[in-house]
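# Architecture at a glance
Now for the letters of each chain:
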Amino acid sequence: MTAHQKIDTRVFPPETLETMERLYPQQAGLLHHRLPDHPLLSLEALARLGEGLPAGQVEYNPGDVPIGILPEDIPANGLSIGETIRTIDTNRSWAVLKNIESEGPYRELLMALLGELEPVVQPRTGAMLTPQGFIFISSPGSITPFHFDPEHNILLQLRGTKVMNVWPAGDERFAHRREHERYHTGGHRNLPWEEGYEGGQKAVPLAPGDAVLMPVMAPHYVANGDAPSISLSITWRSEWSYRESEAHAANAALRRMGLDPAMPPRWPSYAWAKTVGWRLARKLRLVH
């Protein structure tokens, strides 16, 4: 290497950004990353992080649960969050550390990663709003139940393997508009599961160095491989995603009035009047 050559320290290689340009924001797909072993992401560092986070930023439970389990039926694993992470190899559990951006070093890592993606994201969905990070730690064979999430999301696989099973966002065969309305008015992210859904998904296998782009509100479940897994999920919102949320919340209010509103379009600019009306109604405290 000559004195004029520089080492490329970017986590996302150019081909990943090119793939994102084709897929984002509406399609799921396989990406790649070069995030090296990082001292913030070791099991011991994550155990200490989990022990220091508020209870509302930590979720953990047995990992050998059905794909479609109801949130109220998920049992406790009998361990603390620190014990769960430190013994993840053998305790058959699943854990997530939420909103890691509340801790300075983790926020720096998150913002550096999102900064690499901004040139692709901003021209398509505008400013990257509400950056958040989540870390998933899973025992071999763990299942993350069928659910959807409101954020734009890239999940980076750091250790172990898993398969992300993703269904098309906005397709009412897999998540009816009423499920969206329920979620966007305070309901749980988990979705009703039917065996007939199998075969309708895109299955994205992930190993260390792989990542997956996840569209807003795309139904999915995750099946862990035969080794412990660590994954980092970097997420952001957009005006686009907030408008979609508001359109579903407005539909829920209309449904309570006895109407049967249609599923909002995936590009919420077409639902602008409804979302502006919802924001105005909330300001006037006409809805909750």
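I will try to describe carefully the structure that is included in this document. Computed from a prediction, not measured in an experiment: that's the story for all the values here.

Here we come to the packing of helix H1 (residues 14-23) against helix H4 (residues 104-125). It is the contact of H1 with H4, at a shortest axis distance of 10 Å, that shows an interaxial angle of 15 degrees. As judged from the angle between their axes, H1 and H4 are roughly parallel. In this structure, H1 meets H4 at a crossing whose hand is right-handed. The residues of H4 that touch H1, namely those facing Leu 17, Met 20 and Glu 21, are Glu 116, Leu 117, Val 120, Val 121 and Arg 124. Split by residue class, the contact of H1 with H4 holds five nonpolar, no polar and three charged.

Further remarks concern the side chain of Arg 237. If you trace the backbone, Arg 237 turns up in strand E11 (residues 229-237). At a separation of 2.8 Å, a polar atom in the side chain of Arg 237 contacts the side chain of Ser 241. There is a polar contact of 3.0 Å between the side chain of Arg 237 and the side chain of Ser 245.

For the coordinates displayed, the defined rule picks out twelve aromatic pairs. Aromatic side chains Trp 167 and Tyr 221 sit 5.8 Å apart centroid to centroid with 35 degrees between the ring planes, which places their arrangement in the tilted category. Pair noted here: Trp 167 is in the loop between strand E7 (162-166) and helix H5 (177-183) and Tyr 221 is in strand E10 (residues 220-224), with a separation of 54 residues, a long-range link. Each member of the pair, Trp 167 as well as Tyr 221, is classed as buried.

Counting residues in hydrophobic clusters, the biggest one holds 42 residues, and the most contacted among them are Leu 46, Leu 97, Leu 117, Ile 135, Ile 154 and Ile 234. Element by element, the count of residues in this core is highest for H4, at eight residues. The contacts of Leu 97, once residues within four sequence positions are left out, are Leu 46, Leu 49, Gly 50, Leu 53, Gln 57, Val 58, Ile 81, Ile 85, Gly 133, Phe 134, Ile 135 and Ile 137.

Glancing now at the side chain of Asn 153. In this fold, Asn 153 is placed in strand E6 (residues 152-159). Residue classification places Asn 153 among the buried positions, given a relative accessible area of 11%. Looking at Asn 153, its side chain comes within polar contact range of the side chain of Ser 233, at 2.5 Å. The contact partners of Asn 153, leaving out residues within four places of it in the chain, are Val 212, Leu 213, Met 214, Ser 233, Ile 234, Thr 235 and Trp 236.

Next up on the list: unusual backbone geometry. Between Tyr 24 and the following residue, Pro 25, the backbone shows a cis peptide bond with an omega angle of 10 degrees. Tracing the backbone through its elements, the reader meets Pro 25 in the loop between H1 and strand E1 (29-32). For Arg 92, which is not glycine, the phi torsion reads 55 degrees and is therefore positive. The residue Arg 92 is located in the loop between helix H3 (81-86) and strand E3 (93-97) in this model. Despite not being glycine, Met 217 has its phi angle at roughly 60 degrees, a positive value.

Time to look at helix H6 (residues 239-256). For H6, built from 18 residues, the straight-helix expectation of 26 Å at 1.5 Å per residue is met to within 8% by its first-to-last C-alpha distance of 26 Å. Within H6, 14 of the 18 residues are buried, which leaves it mostly tucked inside the rest of the structure. Backbone geometry just after H6 places Gly 258 at a positive phi near 95 degrees.

In the structure shown here, the tally under the stated rule is 15 salt bridges. For Glu 59, the salt bridge identified is with Lys 98, shortest N-O distance 3.0 Å. Of the two residues, Glu 59 is situated in strand E2 (residues 58-62) and Lys 98 in the loop between E3 and H4; the sequence distance between them amounts to 39 residues. The same class applies to Glu 59 and to Lys 98, which are both buried. With a closest N to O distance of 2.7 Å, Asp 260 and Arg 255 form a salt bridge. Overlapping salt bridges bring together Glu 172, Arg 177, Glu 181, Arg 255 and Asp 260 as one network.

Conventions and cut-offs
- Residues numbered from 1 in each chain as written.
- Predicted model: local features only at pLDDT ≥ 70, side-chain atom pairs only at ≥ 80, totals over all residues.
- Heavy atoms only, no water.
- Axes fitted to C-alpha atoms, helices over the stretch in contact; angles between N-to-C directions.
- Helix = DSSP H or I, 4+ residues; strand = E, 2+ residues; numbered from the N terminus.
- Parallel < 35°, antiparallel > 145°, perpendicular 65-115°, else oblique.
- Left-handed = near helix turned anticlockwise from the far one by under 90°.
- Contact = heavy atoms within 4.5 Å.
- Nonpolar A, V, L, I, M, F, W, Y, C, P; charged D, E, K, R; others polar.
- Polar contact = N/O pair within 3.5 Å; in protein donor to acceptor, adjacent residues only side chain to side chain.
- Phe/Tyr/Trp six-rings, centres within 6.5 Å; stacked < 30°, edge-to-face > 60°.
- Buried < 20%, exposed > 50% of the residue type's maximum accessible area, 1.4 Å probe, protein only.
- Core = buried A, V, L, I, M, F, W, Y, C linked by side-chain atoms within 4.5 Å.
- Expected span 1.5 Å × (residues − 1).
- Salt bridge = Lys/Arg side-chain N within 4 Å of Asp/Glu carboxyl O.

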